[in-house]
Amino acid sequence: MNFVSWSFVALFVLVFLARITVGRRKIEPAYVAVLVVASTVFYAWHIPVYIGILLLSSAVDYWAALWLARIPATSLLQRRAVLALSLGTNLGLLAFFKYANFLIQAARDVLGASAVAALPPEFLLALPMGISFYTFQSMSYTIDVYRGVLTPIRHFLPFFLFISFFPQLVAGPIVRAVEFLPQMPRPRRLRLRVFYEGTWLIISGFFLKMVCADNLAVYVDEHWSRGSNAETTSGFALWLALMFSGQIFADFAGYSNIARGTAYILGYHLPLNFNAPYLAASFKNFWERWHMTLSRWLRDYLYVPLGGNRRGRVRTYINLLLVMVLGGLWHGAAYTYLAWGALHGGALALERLLGLHRTGGWGANAVARVAWFVVVQMVVLTAWVFFRSRTIAEAGHFAGNILAMDDWSLGAMEWIGLLFLLPIVGLHVFVWLRERGLVGEPTPTVKAVLAAGMVYGIATLYAGTADFIYFQF
Amino acid sequence: MTAVTAGVWVIRPELGGRVKNITRAERPSDDYYLAHDHGGHVDHHVLYFGTDPVALDHLKRADVILLGNSRLMFGARPRVLDAFFQSRGLRYYVLGFGFREADRFPLAIIEKFDLRPRMVIVNADGFFENSLSDFARQVMKGDAFGAWQFRQEAETGHEFRKVIHQLVPNWVDLLGRPGFPWRRELVIYRSRANGTWQLSPWEVGTAPVGERDPHQPPLGPREIEAARRFKAAMDGRGIRMVLTYVPTPRRLGGGPALFAQLLQVPLVWTDPAGLLTEDGDHLDESSATAWSEAFVSELGRVLQ
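Cut-offs applied
Residues numbered from 1 in each chain as written. Chains lettered and ligands numbered in written order. Predicted model: local features only at pLDDT ≥ 70, side-chain atom pairs only at ≥ 80, totals over all residues. Heavy atoms only, no water. Helix = DSSP H or I, 4+ residues; strand = E, 2+ residues; numbered from the N terminus. Buried < 20%, exposed > 50% of the residue type's maximum accessible area, 1.4 Å probe, protein only. Lys, Arg positive; Asp, Glu negative; His and termini not counted. Salt bridge = Lys/Arg side-chain N within 4 Å of Asp/Glu carboxyl O. Contact = heavy atoms within 4.5 Å. Pairing = 2+ DSSP bridges. Axes fitted to C-alpha atoms, helices over the stretch in contact; angles between N-to-C directions. Core = buried A, V, L, I, M, F, W, Y, C linked by side-chain atoms within 4.5 Å. Buried area = accessible area lost by both parts, 1.4 Å probe. Polar contact = N/O pair within 3.5 Å; in protein donor to acceptor, adjacent residues only side chain to side chain. Nonpolar A, V, L, I, M, F, W, Y, C, P; charged D, E, K, R; others polar. Parallel < 35°, antiparallel > 145°, perpendicular 65-115°, else oblique. Phe/Tyr/Trp six-rings, centres within 6.5 Å; stacked < 30°, edge-to-face > 60°. Lys NZ or Arg CZ within 6 Å of the ring centre and 35° of its normal. Expected span 1.5 Å × (residues − 1).

## Some details on the side chain of Glu 101 of chain B
Residue and element names in this part refer to chain B.
Right, on to step 1. Within the element layout of this structure, Glu 101 appears in the loop between β4 (92-94) and α8 (104-112).
Right, on to step 2. One buried charged residue, Glu 101, remains without a salt bridge, the closest side chain of opposite sign being Arg 137 at 8.0 Å.
Right, on to step 3. Not counting residues within four places of it along the chain, the set of residues in contact with Glu 101 comprises His 44, Gly 68, Asn 69, Leu 132, Ser 133 and Ala 136.

## Quick word on unusual backbone geometry
Trans is the common state for peptide bonds, and a negative phi is the common state for residues other than glycine.
Right, on to step 1. The omega torsion of the bond from Gln 216 of chain B to Pro 217 of chain B falls at -10°, within 30 degrees of zero and hence cis.
Right, on to step 2. With respect to the helices and strands, Pro 217 of chain B occurs in the loop between β8 (207-208) and α12 (221-236).
Right, on to step 3. A positive phi angle is found at His 291 of chain A, which is not glycine, with a value near 40°.
Right, on to step 4. Here His 291 of chain A lies in the loop between α10 (283-289) and α11 (292-303).
Right, on to step 5. Positive phi outside glycine occurs at Gln 264 of chain B, with the angle close to 60°.
Right, on to step 6. If you trace the backbone, Gln 264 of chain B turns up in the loop between α13 (256-263) and β10 (267-268).
Right, on to step 7. With relative accessibility at 68%, the residue Gln 264 of chain B sits in the exposed group.

## Some remarks on the sheet that holds strand β2 (residues 40-41) of chain B
Residues and elements named next belong to chain B.
Right, on to step 1. The antiparallel open sheet is built from four strands, whose spatial order is β2-β1-β6-β7. Looking along the sheet, the strands with just one partner apiece sit at the ends: β2 and β7 (197-199).
Right, on to step 2. Pairing analysis gives three bridges linking strand β6 (residues 188-191) to β7, with the strands arranged antiparallel. Its bridge partner being in β7, Tyr 189 is matched across the sheet by Gln 198.
Right, on to step 3. Lying over the sheet, helix α4 (residues 42-49) contacts β1 (32-37), β2, β6 and β7, oriented at roughly 130° with respect to β1.

## Brief notes about the nonpolar core
Right, on to step 1. In this structure, Tyr 141, Trp 290 and Tyr 470 of chain A are the most contacted members of the largest nonpolar core, which totals 143 residues.
Right, on to step 2. Top contributing element to this core by residue count: helix α9 (residues 234-266) of chain A, with 18 residues.
Right, on to step 3. Setting aside residues up to four positions removed in sequence, Tyr 470 of chain A forms contacts with Phe 133, Val 170, Ala 171, Ile 248, Asp 251, Phe 252, Trp 290, His 291, Trp 330, His 331 and Phe 387 of chain A.
Right, on to step 4. Tyr 33, Ala 62, Ile 65 and Ala 233 of chain B belong to the second-largest nonpolar core, a separate cluster that totals 57 residues.

## Topic: the environment of Tyr 43 of chain A
Residue and element names in this part refer to chain A.
Right, on to step 1. Within the fold, Tyr 43 resides in helix α2 (residues 29-44).
Right, on to step 2. It is 9.7 Å that separates the C-alpha atoms of Tyr 43 and Phe 165, two residues lying 122 residues apart in sequence.
Right, on to step 3. Filtering out sequence-adjacent residues up to four positions away, Tyr 43 remains in contact with Tyr 50, Ile 51, Leu 54, Pro 128, Met 129, Tyr 134, Leu 169 and Val 170.

## Looking at the interface of chain B and chain A
Right, on to step 1. On the chain A side, the residues contacting the 25 residues of chain B number 23 residues.
Right, on to step 2. Carbon and sulfur atoms make up 63% of the surface buried where chain B meets chain A, a total of about 2100 Å² over both sides.
Right, on to step 3. For the pair chain B and chain A, the interface holds zero salt bridges.
Right, on to step 4. Inspection of the region where chain B meets chain A yields five residue pairs in polar contact (both at pLDDT 80 or more).
Right, on to step 5. Elements that contribute at least two residues to the side of chain B that touches chain A include exactly α1 (2-11), α10 (144-164) and α11 (171-175) of chain B.
Right, on to step 6. When residues of the side of chain B that touches chain A are assigned to their parent elements, the largest contribution, eight residues, is made by α10 of chain B.
Right, on to step 7. For the side of chain B that touches chain A, a count of residues per class yields twelve nonpolar, eight polar and five charged.

## Quick notes on the pattern of salt bridges
Right, on to step 1. What the rule picks out here adds up to 28 salt bridges over all chains.
Right, on to step 2. A salt bridge links Arg 390 of chain A to Glu 394 of chain A, with the shortest nitrogen-to-oxygen separation between them at 3.3 Å.
Right, on to step 3. Look at Arg 390 of chain A and you get exposed, because its relative accessible area is 66%.
Right, on to step 4. Counted as one network, the salt bridges with shared partners bring together Arg 71, Asp 125, Arg 250 and Asp 281 of chain B.

## Regarding the environment of His 291 of chain A
Right, on to step 1. What makes His 291 of chain A buried here is its relative accessible area of 1%.
Right, on to step 2. Ignoring sequence-local partners within four residues, the contact set of His 291 of chain A consists of Phe 133, Phe 252, Asn 273, Phe 274, Trp 330 and Tyr 470 of chain A.

## Considering the packing of helix α5 (residues 131-147) of chain A against helix α6 (residues 156-164) of chain A
Residue and element names in this part refer to chain A.
Right, on to step 1. Two numbers describe how α5 lies on α6: the axes approach to 9 Å, and their chain directions differ by 135°. Here α6 runs oblique to α5, going by the angle between their axes. Residues Tyr 134, Gln 137, Ser 138 and Tyr 141 of α5 form the contact with α6, whose own contacting residues are Phe 159, Phe 162 and Ile 163.

## A few points about the sheet that holds β10 of chain B
Residues and elements named next belong to chain B.
Right, on to step 1. Here five strands make up an open sheet; going across it, the order is β4-β3-β5-β9-β10 and the pairing parallel. Lying at the two open borders of the sheet, with one neighbouring strand each, are β4 and β10.
Right, on to step 2. By the bridge criterion, five bridges tie strand β5 (residues 119-123) to strand β9 (residues 240-244) in an arrangement that is parallel. Pairing of Val 122 across the sheet is with Leu 243, part of β9.

## Overview of the pairing of β9 of chain B
All names here are of chain B.
Right, on to step 1. Burial of β9 is extensive: four of the five residues sit out of reach of the surface.
Right, on to step 2. Examined bridge by bridge, β9 and β10 share two bridges and lie parallel to one another. Each residue of the ladder has a partner; that of Thr 244, found in β10, is Val 268.

## A few points about the side chain of Gln 198 of chain B
Residues and elements named next belong to chain B.
Right, on to step 1. With respect to the helices, strands and loops of the structure, Gln 198 is situated in strand β7.
Right, on to step 2. In this structure Gln 198 comes out as buried when scored by relative accessible area, which is 16%.
Right, on to step 3. A polar side-chain atom of Gln 198 sits 3.3 Å from a polar atom in the side chain of Arg 77.
Right, on to step 4. The residues contacting Gln 198, other than those within four sequence positions of it, are Pro 28, Tyr 32, Arg 77, Val 187, Ile 188, Tyr 189 and Glu 285.

## A look at the packing of aromatic side chains
Right, on to step 1. Enumeration according to the criterion identifies 70 aromatic pairs over all chains in this entry.
Right, on to step 2. When the ring of Phe 159 of chain A is compared with that of Phe 162 of chain A, the centres are 6.0 Å apart and the planes differ by 55°; the resulting orientation is tilted. A residue pair is termed a helical-turn pair when its members lie 3 or 4 positions apart in one helix, as Phe 159 of chain A and Phe 162 of chain A do in helix α6 at three residues. The same class applies to Phe 159 of chain A and to Phe 162 of chain A, which are both buried.
Right, on to step 3. We note Lys 112 of chain B situated over the ring of Tyr 48 of chain B; from NZ or CZ to the ring centre the distance is 4.0 Å.
Right, on to step 4. When the ring centre of Tyr 33 of chain B is taken as reference, the NZ or CZ atom of Arg 151 of chain B above it lies at 5.0 Å.

## What to know about helix α13 (residues 335-354) of chain A
All names here are of chain A.
Right, on to step 1. Given a rise of 1.5 Å per residue, 20 residues ought to cover 28 Å, and the 28 Å separating the end C-alpha atoms of α13 matches this to within 8%.
Right, on to step 2. Restricting attention to buried positions, one finds in α13 the residues Thr 336, Tyr 337, Ala 339, Trp 340, Gly 341, His 344, Gly 345, Ala 347, Leu 348, Ala 349 and Glu 351.
Right, on to step 3. On the buried face of α13, the contacting elements are α10, α12 (313-331), α14 (366-388) and α15 (392-403).

Listed below in structure tokens is the structure:
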């Protein structure tokens with residue numbers, strides 16, 4: 001189910017009614033049951049039969065965690081086997097649905113036409129919505145139990161709610177069990193302040209999605225293919241890249257705000273997922289601001305187990321590169337995602353080599369920091385070109401058009417299109433000022449006025465009901 | 001919100017009239033379902049998955065099916081076609097689509113529901129392409145449940161838009177978007193009984209269609225192959241094929257007379273004078289009626 005749909009409005013109204021009647025303390029069994037049913041309906045709304053995959057992933061991790069709790073810590077081999085079963089199931093599902101076709105195509109490319117007949121045909125299966133998110137969430141639970149930082153949950157229903165909780169089911173934030181499970185037995189009444197804050201997040205999320213992202217998408221979808229044409233000017237190519245960088249931020253941050261606001265009203269706190277990422281002055285800082293819950297997951301469950309920065313400098317660079325390449329492939333099976341991840345991984349490694357990831361050394365030099373900020377934003381923008389393009393060659397031509405620096409003039413269409421970036425720029429300026437203590441949190445009155453303005457914007461500037469970009473991952 | 005809108009309408013009264021297009025949209029009768037509003041063409045889903053049993057039943061029982069792009073859908077007027085086909089004891093259905101849909105999507109529907117009308121009449125304008133629009137590709141990847149959802153969402157959104165825009169406009173629809181001349185407010189309903197479109201409201205045309213030569217431009221190899229393939233598919237089903245051409249200033253593909261010669265099928269070519277398009281592309285209502293009248297008159301001769 002898409003947040004931008006009447007079905008979601010109806011579902012949310014029904015669950016909200018349950019919240020203010022049978023779920024006033026949030027922990028009532030009837031309310032938990034309503035949340036589970038609503039989450040199941042939310043997921044099955046896409047392709048009903050795929051609820052089986054969600055159940056399979058959840059059931060395997062639920063049993064694996066219980067099993068792990070029974071095995072003594074000294075039986076390392078046995079514990080590893082159980083963990084492998086859990087990870088194998090989740091990664092197997094991911095690999096089958098996301099990478100099977102990619103691997104078949106890669107084999108065709110490598111082996112040539114003679115091998116085509118011997119290879120299986122491409123699968124024509126639709127990707128289960130949100131599989132990349134809920135498998136990661138589910139895996140983190142088993143890994144935490146394996147590590148001994150979490151006690152397994154006894155009953156399946158609350159565990160299934162943790163995996164399937166509908167506000168964050170299909171595109172995050174990726175919530176860790178240690179953040180979500182302790183909230184479940186804690187009573188939380190719906191205060192007016194919570195309702196206002198949740199509503200504020202929901203309205204701002206819908207504004208980012210329906211006004212900014214969807215309008216930017218109209219331009220990007222219509223003109224993206226022109227970005228790699230030989231006759232395209234640098235100005236137009238750069239404009240397109242900026243429009244997409246704004247679109248993907250507004251789309252994903254909008255989704256995350258709606259998810260957090262909805263969850264908050266329903267009694268759960270979800271972590272922040274975006275914090276003005278285009279203010280980042282270093283690559284490290286970018287990943288502390290962009291898709292923060294995925295960055296955290298990759299750090300804790302991939303980078304650190306690989307050795308992190310504890311095994312020497314070269315190994316640290318390799319780990320950074322490897323983690324980001326895998327982060328790129330997490331998005332899907334395409335060379336362009338791989339290139340996107342490699343660009344970020346390479347940049348993170350180079351930044352660490354130059355010592356620009358910290359505030360000491362080169363990082364203490366103001367000029368170097370400003371120069372590096374420009375480099376960071378340019379690389380991030382270039383990486384988005386790879387992310388959005390269909391092929392590496394297309395992305396290469398696109399980036400080449402920007403670097404040609406021939407003609408920077410823009411027409412009326414381009415200038416009007418840029419207007420839809422203004423709210424995103426405004427948001428970043430506000431966060432920049434707030435981080436420096438120059439402004440405080442908006443007062444409730446200011447928020448009310450802004451919310452009214454955003455509601456007017458949604459009612460008068462919506463561009464359509466395009467799917468969220470991250471629904472495809 | 002209302003105050004802001006009212007203020008703007010006082011300053012620019014002409015905008016007040018235009019903004020009310022969506023609120024003036026009226027379903028011609030209960031026979032019609034919503035085919036298009038914000039968010040895409042609903043009728044792709046309805047007809048590919050057969051989610052409207054009445055529409056599917058009429059499609060299956062049609063003796064004559066008309067195929068083509070949105071220009072056919074604007075041009076084919078039910079009042080004229082009803083009278084013509086009823087007088088001959090024939091049932092017809094117009095199975096055209098928006099998004100410049102060409103041959104593969106209607107052929108997929110014909111094969112899916114095993115349609116075997118006595119005749120198909122094809123608007124040759126950009127039809128023989130052996131291609132699918134991106135929208136159709138997306139529709140075909142889905143399922144009947146998704147198609148049902150899409151329709152319910154569209155119908156609910158449509159009714160909501162009719163109410164909310166009595167208070168506030170959609171500024172993008174109202175003022176247009178430079179570089180996107182076709183992105184205007186467009187509400188279309190589709191008949192279950194005969195598949196025709198009805199725009200509501202339908203702008204009065206200003207742009208003339210201009211001169212047309214049925215022998216121009218020459219056919220490309222891809223068009224030739226696609227036309228032969230489509231003809232073979234119709235022959236395989238025992239369906240007689242006739243070509244026609246709905247006038248437009250922005251023609252697509254090769255000359256219709258060349259396709260008719262290539263496929264050895266009749267061409268219903270009509271050339272009423274003074275046709276106007278409502279958007280520089282599609283006929284306005286009175287021109288569409290004039291074309292439909294000329295079309296059935298010529299078709300009558302071909303059928304004899």
